[in-house]
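Reading the structure
So the chains spell out like this:
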Amino acid sequence: MPGLDEKLHDIHEEVLRRNPGETEFHQAVHEVLDSLGPVVAKHPQYADAAVIRRLCEPERQIIFRVPWIDDAGQVQINRGFRVEFNSALGPYKGGLRFHPTVYLGIVKFLGFEQIFKNALTGLPIGGGKGGSDFDPKGRSDGEVMRFCQAFMTELYRHIGEYTDVPAGDTGVGGREIGYLFGQYKRITNRYESGVLTGKGLGWGGSQVRTEATGYGTVFFTDEILKSRGESFDGRRVVVSGSGNVAVYAIEKVHELGGTVVACSDSTGYVVDDKGVDLELLKDVKLNRRARIAEYAERRGAHYVEDGSVWDVPCDIALPCATQNELNGRDAAVLIRSGCAVVAEGANMPCTPEAVRLFAEAGVVFAPGKAANAGGVATSALEMQQNASRDSWSFEHTEQRLADIMHGIHDRCLETADEYGVPGNYAVGANIAGFTQVADAMLALGVI
Ligand code: NDP
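So, here is what we can say about the structure in this document. Since we're looking at a predicted model, the values are computed, not measured.

Quick notes on the pairing of strand β10 (residues 316–319)
What you see with β10 is no split at all: I316 and L318 on one side and A317 and P319 on the other are buried throughout. Judged from the 4 bridges that link them, strand β6 (residues 236–240) and β10 form a sheet pairing that is parallel. Within β10, the position partnered with V237 by the bridge is I316. Pairing analysis gives 2 bridges linking β10 to strand β11 (residues 341–343), with the strands arranged parallel. Each residue of the ladder has a partner; that of I316, found in β11, is V341. Following the chain from β10 across helix α13 (residues 328–336) to the adjacent parallel β11, one finds a crossover that is right-handed.

See the structure below:
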């Protein structure tokens, strides 16, 4: 693979050979290895202890059958996953994704990214991820509950406050976490609040957790703008997606004086030059779980079916939908339209070609493992509150989130400076996250 030095190249070849067909995992590993050349040159101890090779192999991978009965009385079979990737810094931590595209390669890419993201937060959490190929779309509440109960009936034996603490991700929000927690409590007969995060505010959840990933992405982008003497004020922003991350990113952009002029879902996008009407969007996408076309119809906004939201000119782009949703062609269009900053709210939404084009054009690029770390950071704050049987105010929790995002931003920049690539957030994030985990792995011995 071009760009990797010999040792890292060999590791990458080994990853490809040992994990056939897992293309997203290969992509995520390559993206990190590509940054590590100067680190292994400076610190040979990492290679001597095979730290990188160990990091690329999950500590544990669990795959299980999830049988459940639908509303028509038919037995349905899904596949469940939990990949416990690395616990050098703390219990495995990372969300569960319910989406028909989920397979081992997706879970491993997300789990691998999560290791470095969690390290960047500076909080004591390891990396893991899980999910299922279950599609919640069009399913009744009863079906979602029975699926969640069946999923937890196997998962419960692998998780725990000090072992592995799942949360939400695509397709897993407050409703699903409620059903999952209920089944965990029922099976174990323990009210172990710290076993899951993203819980409801009335039963162990944290203020700001729902908003945290979207808000955090915007706080991070705001730090980028401030470091250049700029702000969101008067900026045109495009946000892809209209789920948990996208909606709260839009909310915070508007609070900070920017205008979100377009957003999307998997069927199309809307252009709303007056600024997206957030209450209407929340009603359509979060409450009614409907298509974004309904937003356009009710709002009288322009709707484009199947097109690319990145065709809408903007100053700042926040991809908040899914992996590989912004490709080289989209990047070229954004660059031509004058977009100056791209920050990933989703995990790995920009393809390697898009990232390369942004770098060549001088567009500031913030990778998801830094920019969207606010979600997991606030999950760790939820764990802290559960452990101390405390609950913090919205303002206090939001300030903690803002401080954490500020800290991650500065660490990325300082590390990029230290390694001679000033302003390169991607390399800064990879190296800062890696060294934190690698040093802990060295201290813990070969395990
Ligand atoms: P949700 O399920 O709440 O929302 C996902 C949104 O993306 C939906 O609007 C969905 O549309 C849309 N979407 C999916 N595929 C496409 C596509 N190909 N093109 C356009 N839109 C698409 O998920 P989240 O908001 O929770 O997660 C979004 C991303 O953020 C994921 O990459 C996730 O891993 C990442 N993330 C999430 C965190 C969290 O706390 N939730 C934390 C850190 C990262 P539709 O309604 O049609 O399905």
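As for the site of the ligand
Residues in contact with the ligand amount to 24 residues; listed here are only the nearest, R97, D169, T213, S266 and N347. D265 places a polar main-chain atom, nitrogen or oxygen, 3.4 Å from a nitrogen atom of the ligand. R291 places a side-chain nitrogen or oxygen 3.1 Å from an oxygen atom of the ligand. When the ligand is considered free in solution it has 900 Å² of accessible area, and contact with the protein chains removes 83% of it. Along the lines of polarity and charge, the residues of the shell around the ligand split into 4 nonpolar, 13 polar and 7 charged.

Let's talk about the packing of helix α9 (residues 209–227) against helix α17 (residues 394–418)
Packing of α9 against α17 leaves a shortest axis separation of 9 Å and a crossing angle of 50 degrees. If you check the angle between α9 and α17, you find them oblique. Crossing of α9 against α17: the hand is right-handed. The residues of α17 that touch α9, namely those facing E211, A212, Y215, G216, F219, F220, E223, I224 and S227, are F394, E398, L401, A402, M405, H406, I408 and H409. Of the residues in the contact of α9 with α17, the class split is 10 nonpolar, 4 polar and 3 charged.

What about the layout of surface pockets?
Taking a probe equal in size to a water molecule and rolling it over the atoms shows the remaining empty space. Here the second largest pocket is characterised by a volume of approximately 660 Å³. In this structure, the second largest pocket is lined by 27 residues; those nearest its centre are E31, D34, V355, R356 and A426. Breaking the lining of the second largest pocket down by element, the ones donating at least two residues are α2 (23–33), α14 (352–361), β12 (364–366), α15 (368–371) and α18 (425–444). The dominant element in the lining of the second largest pocket, judged by the number of residues it contributes, is α14, at 5 residues. By residue class, the composition of the lining of the second largest pocket is 13 nonpolar, 8 polar and 6 charged.

Section: a negative patch on the surface
Together, D5, E6, D10 and E13 give the surface a local cluster of negative charge. One can find E6 in helix α1 (residues 6–18).

Examining the sheet that holds strand β4 (residues 126–132)
Strand order in this open sheet of 5 strands is β1-β2-β4-β3-β5, and the pairing throughout is mixed. Where the open sheet ends on each side, the last strands, each with one partner, are β1 (60–69) and β5 (164–167). Across the sheet, the mean angle from the axis of one strand to that of its neighbour is 20 degrees, orientation sign disregarded. The pairing of strand β3 (residues 92–98) with β4 spans 5 bridges and is classified as parallel. Counted as the bridge partner of R97 is G131 from β4.

Details of a nonpolar patch on the surface
Together, I69, V75 and I77 make up an exposed nonpolar region whose accessible area comes to about 290 Å². Take I69: it is sitting in strand β1. According to the relative accessible area criterion, I69 is partly exposed, its value standing at 45%.

A look at helix α8 (residues 174–188)
The end-to-end C-alpha separation of α8 is 21 Å, in line with the 21 Å expected for 15 residues at 1.5 Å each. Those residues of α8 hidden inside the fold are in contact with β3, α7 (141–155) and β5. Looking one or two residues beyond α8, the residue adopting positive phi is N189, at roughly 60 degrees.

Brief notes about the state of the cysteines
Evaluated as defined, the whole model comprises 0 disulfides. C263 carries a free sulfur, and the closest cysteine sulfur to it, the one in C320, is 10 Å from it. Taking the relative accessible area as the measure of exposure, C263 reaches 0% and is therefore buried. The cysteine C339 is free of any disulfide, with C314 supplying the nearest cysteine sulfur at 4.3 Å. Residue classification places C339 among the buried residues on the basis of a relative accessible area of 5%.

About the criteria used
Residues numbered from 1 in each chain as written. Predicted model: local features only at pLDDT ≥ 70, side-chain atom pairs only at ≥ 80, totals over all residues. Heavy atoms only, no water. Buried < 20%, exposed > 50% of the residue type's maximum accessible area, 1.4 Å probe, protein only. Helix = DSSP H or I, 4+ residues; strand = E, 2+ residues; numbered from the N terminus. Pairing = 2+ DSSP bridges. Right-handed = clockwise from strand over helix to strand, strands pointing away. Near = heavy atom within 4 Å. Polar contact = N/O pair within 3.5 Å; in protein donor to acceptor, adjacent residues only side chain to side chain. Areas by Shrake-Rupley, 256 points an atom, 1.4 Å probe, with all protein chains shown as cover. Nonpolar A, V, L, I, M, F, W, Y, C, P; charged D, E, K, R; others polar. Axes fitted to C-alpha atoms, helices over the stretch in contact; angles between N-to-C directions. Parallel < 35°, antiparallel > 145°, perpendicular 65-115°, else oblique. Left-handed = near helix turned anticlockwise from the far one by under 90°. Contact = heavy atoms within 4.5 Å. 1 Å grid on protein atoms, 1.4 Å probe; cavity = no way out; pocket = protein on both sides within 12 Å on 5 of 7 lines; lining within 4 Å. Points joined across faces, edges and corners; volume = space filled by probe spheres on them. Patch = residues over 30% accessible without salt bridge, like charges linked within 9 Å, V, L, I, M, F, W, Y side chains within 5 Å. Salt bridge = Lys/Arg side-chain N within 4 Å of Asp/Glu carboxyl O. Lys, Arg positive; Asp, Glu negative; His and termini not counted. Charge placed at Lys NZ, Arg CZ, Asp CG, Glu CD. Expected span 1.5 Å × (residues − 1). Disulfide = S-S within 2.5 Å.

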